[in-house]
Amino acid sequence: MPTLEVYSNNTSYGTASYSGEYGIGNTVTLIANVTSSGAFLGWRANSVDGEYVSGDPNYSFVVDANSPYIYYAIFEAATTITSDFRFNFNQPAAGQAEIYEYTGTDSDLVIPSVVYNNGTSYTVTALIDDAFANNTYIETVTLPSTLTTLGSEFRYNGPMATDNCEIGVFQGCTNLRSVNFENLTNLTSIGDCTFKDCTSLESVFLPNTLETMGSRIFINCSSLSKVTFENGFKVTSLKGTFINCTSLTQIEIPANVEELTYNNPYHTDMSPNYGTFGGCTSLSEVTFEEGSKLSMLFGTFSYCSNLETLTLPESLSSIGGYQLLPAFGGCSNLKSLYILASVPPSLTYSEVNFVGISEDLIIYVPQGSLTAYQTATGWSDIADHIQEMS
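Just so we're clear, the structure is a prediction, and the values are computed from it rather than from any experiment. (Residues numbered from 1 in each chain as written. Predicted model: local features only at pLDDT ≥ 70, side-chain atom pairs only at ≥ 80, totals over all residues. Heavy atoms only, no water.)

Caption draft 1: Spatial organisation of the sheet that holds strand β1 (residues 5-8). With respect to topology, 4 strands assemble into an open sheet ordered β1-β7-β4-β5, the strand pairing being mixed. Of all strands in the sheet, those bounded by a partner on one side alone are β1 and β5 (52-54). Strand-to-strand twist in this sheet, taken as the mean axis angle between neighbours without regard to direction, amounts to 35 degrees. Pairing of strand β4 (residues 38-45) with strand β7 (residues 70-77), which is carried by 7 bridges, proceeds in the antiparallel orientation. When the sheet's bridge partners are listed, Gly42 is paired in β7 with Ile74. (Pairing = 2+ DSSP bridges. Helix = DSSP H or I, 4+ residues; strand = E, 2+ residues; numbered from the N terminus. Axes fitted to C-alpha atoms, helices over the stretch in contact; angles between N-to-C directions.)

Below is the structure:
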């Protein structure tokens, strides 16, 4: 059995030790000792860039045959409170801090992971709505690895609640070009309209730690041309996420996404282009990861005028939309739509969902399913567009 080894990445900010005997079945505790000028970011296995293990400075585990035997305590310099940041302390939980306002002028903004207030350290875990909104100085943002929450989701009351965006965390930061998500091993949620109107934002990386995403997160990000979902991406619903991202040309939808829909089934604002890709006028290639669980489209591709061909997975069971947010309405160049589901997905308002489409559109369906499609509710209205795959 190898000997347990623990290291600090920077002894100026903290040291590492352990207690217990390293052996199969034994409990070992890794101990991170932070200096007065340091902040503890977490434990990593095998190297300073290795797999993230835990953010607990006193992390205990039971050794098994697969347990690493080299661990690094990762530290950085603690940030003292400056006049540029405003914090709520002990929010959202004891020992944590959330940033509710930033008044600085940094172009390359680094958000602290730990802050000190009256000699007490607080881990920064949340950025709340409006914290950095309309700051036109910011060009790049490095988010702290301790972050768990980026903005909040809209909560509605009753079936006819209004649905206007709260002001998102970085909404209106028109010079923001880059946001570093890649070290966010704790981020679980991104709220509504977080990057709304960030017209210079060019690319985003969405980590697989995310569990929920609010609506219209990247609405009107007209320079956004690259979206990368980390392998194992878990979010199941993309709600109006990329509305009017007019530079987006291609995207692959992760397998776990079940719904490509719009923001709120009870909203009263029926403006056009509220589906996931509504108004993405440059979008020409949409693919689905193998094993796709997609079940529902609602207003998804409205006004995607550059989309010529699209293949929808066999898991699809529902296509819907309304007059102002049709599923395929305005897809004037769509010539080939392949639907791999052998059972026709439910289709509401076919005259709406396919309004403005090309007369040359052919909807290809699996062999043996032609009659089922041509006679199904909704599909029968466009039966002359449906053919069987060869």
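Caption draft 2: Here's a closer look at the sheet that holds strand β16 (residues 178-180). In space, the 3 strands of this open sheet follow the order β11-β14-β16, with parallel pairing throughout. Each edge of the open sheet is held by one strand with a lone partner, namely β11 (108-110) and β16. Averaged over all adjacent pairs, the angle separating strand axes in this sheet is 10 degrees, with direction ignored. Note that β11 and strand β14 (residues 140-142) share 3 bridges and pair parallel. Bridge pairing in β14 places Leu109 opposite Val141.

Caption draft 3: Local environment of the packing of aromatic side chains. What the rule picks out here adds up to 24 aromatic pairs. Relative to Tyr102, the ring of Phe85 has its centre 4.9 Å away and its plane inclined at 45 degrees; by these criteria the two rings are tilted. On the criterion of sequence distance, the pair formed by Phe85 in strand β9 (residues 85-89) and Tyr102 in strand β10 (residues 96-102) is long-range, its members being 17 residues apart. On the numbers, 4.6 Å between centres and 50 degrees between planes, the contact of Phe89 with Tyr122 is tilted. Of this pair, Phe89 sits in strand β9 while Tyr122 sits in strand β13 (residues 120-127); the two residues are 33 residues apart in sequence, bridging distant segments of the chain. (Phe/Tyr/Trp six-rings, centres within 6.5 Å; stacked < 30°, edge-to-face > 60°.)

Caption draft 4: Fine view of the confidence of the model for the chain. Summing up the model confidence of the chain, the mean pLDDT is 89 and the portion of residues at 70 or higher is 91%. A low-confidence stretch, residues 155-163 (pLDDT under 50), is modelled with 17 contacts involving residues beyond four sequence positions or located in other chains. (pLDDT = per-residue confidence, 0-100. Contact = heavy atoms within 4.5 Å.)

Caption draft 5: Here's a closer look at the layout of surface pockets. In this structure, the largest pocket occupies an estimated 420 Å³ of space. Lining the largest pocket are 22 residues, and of these Leu41, Arg44, Glu76, Ser145 and Asn183 lie nearest its centre. Listing elements by their share of the lining of the largest pocket, those giving two or more residues are β4 and β7. Considered class by class, the residues forming the lining of the largest pocket number 10 nonpolar, 8 polar and 4 charged. As for the second largest pocket, its lining consists of 18 residues, and the residues nearest its centre are Phe40, Gly55, Pro57, Val114 and Thr123. Within the residue set of the lining of the second largest pocket, elements represented by two or more residues are β3 (27-34), β4, β12 (114-117) and β13. If one sorts the elements of the lining of the second largest pocket by residue count, β4 sits on top with 4 residues. Class assignment for the residues of the lining of the second largest pocket results in 9 nonpolar, 9 polar and no charged. (1 Å grid on protein atoms, 1.4 Å probe; cavity = no way out; pocket = protein on both sides within 12 Å on 5 of 7 lines; lining within 4 Å. Points joined across faces, edges and corners; volume = space filled by probe spheres on them. Nonpolar A, V, L, I, M, F, W, Y, C, P; charged D, E, K, R; others polar.)

Caption draft 6: Looking closely at the state of the cysteines. Inspection of the entire model under this criterion finds 0 disulfides. Sulfur of Cys280: no disulfide; nearest cysteine sulfur belongs to Cys245 and is 5.2 Å away. The class for Cys280 is buried, based on a relative accessible area of 0%. (Disulfide = S-S within 2.5 Å. Buried < 20%, exposed > 50% of the residue type's maximum accessible area, 1.4 Å probe, protein only.)

Caption draft 7: Structural detail: the side chain of Ser113. Note on placement: Ser113 falls in the loop between β11 and β12. According to the relative accessible area criterion, Ser113 is buried, its value standing at 2%. When residues no more than four places from it in sequence are discounted, the contact partners of Ser113 are Leu41, Glu76, Tyr122, Thr123, Val124, Pro144 and Thr146.

Caption draft 8: Looking closely at unusual backbone geometry. At the junction of Gln91 and Pro92, the peptide bond is cis and its omega measures out at 0 degrees in the coordinates. The topology assignment puts Pro92 in the loop between β9 and β10. Unlike most non-glycine residues, Asn90 shows phi in positive territory, near 60 degrees. Turning to its location among the elements, Asn90 is positioned in the loop between β9 and β10.

Caption draft 9: Up close: the environment of Thr246. Tracing the chain through its elements places Thr246 in the loop between β21 (237-239) and β22 (250-253). For Thr246, a relative accessible area of 30% puts it in the partly exposed group. As a C-alpha pair, Thr246 and Val110 span 136 residues in sequence and 28 Å in three-dimensional space.

Caption draft 10: View of the pattern of salt bridges. Throughout the structure, instances matching the rule amount to 1 salt bridge. As a salt-bridge pair, Glu139 and Arg177 come within 3.4 Å of each other at their nearest N and O atoms. Note that Glu139 is positioned in the loop between β13 and β14 and Arg177 in the loop between β15 (149-150) and β16, a separation of 38 residues in sequence. Look at Glu139 and you get partly exposed, because its relative accessible area is 31%. Look at Arg177 and you get partly exposed, because its relative accessible area is 36%. (Salt bridge = Lys/Arg side-chain N within 4 Å of Asp/Glu carboxyl O.)

Caption draft 11: Quick peek at the nonpolar core. Among the nonpolar cores identified, the biggest contains 83 residues, and Phe132, Phe170, Phe195 and Phe328 are the most heavily contacted of them. Sequence-distant contacts of Phe132, defined by excluding residues within four places in its chain, comprise Phe85, Ile99, Tyr102, Leu109, Ile111, Leu127, Ile138, Val169, Phe170 and Cys173. Counting 14 residues, the second-largest nonpolar core is a separate cluster that includes Tyr22, Ala32, Ala45 and Tyr71. (Core = buried A, V, L, I, M, F, W, Y, C linked by side-chain atoms within 4.5 Å.)

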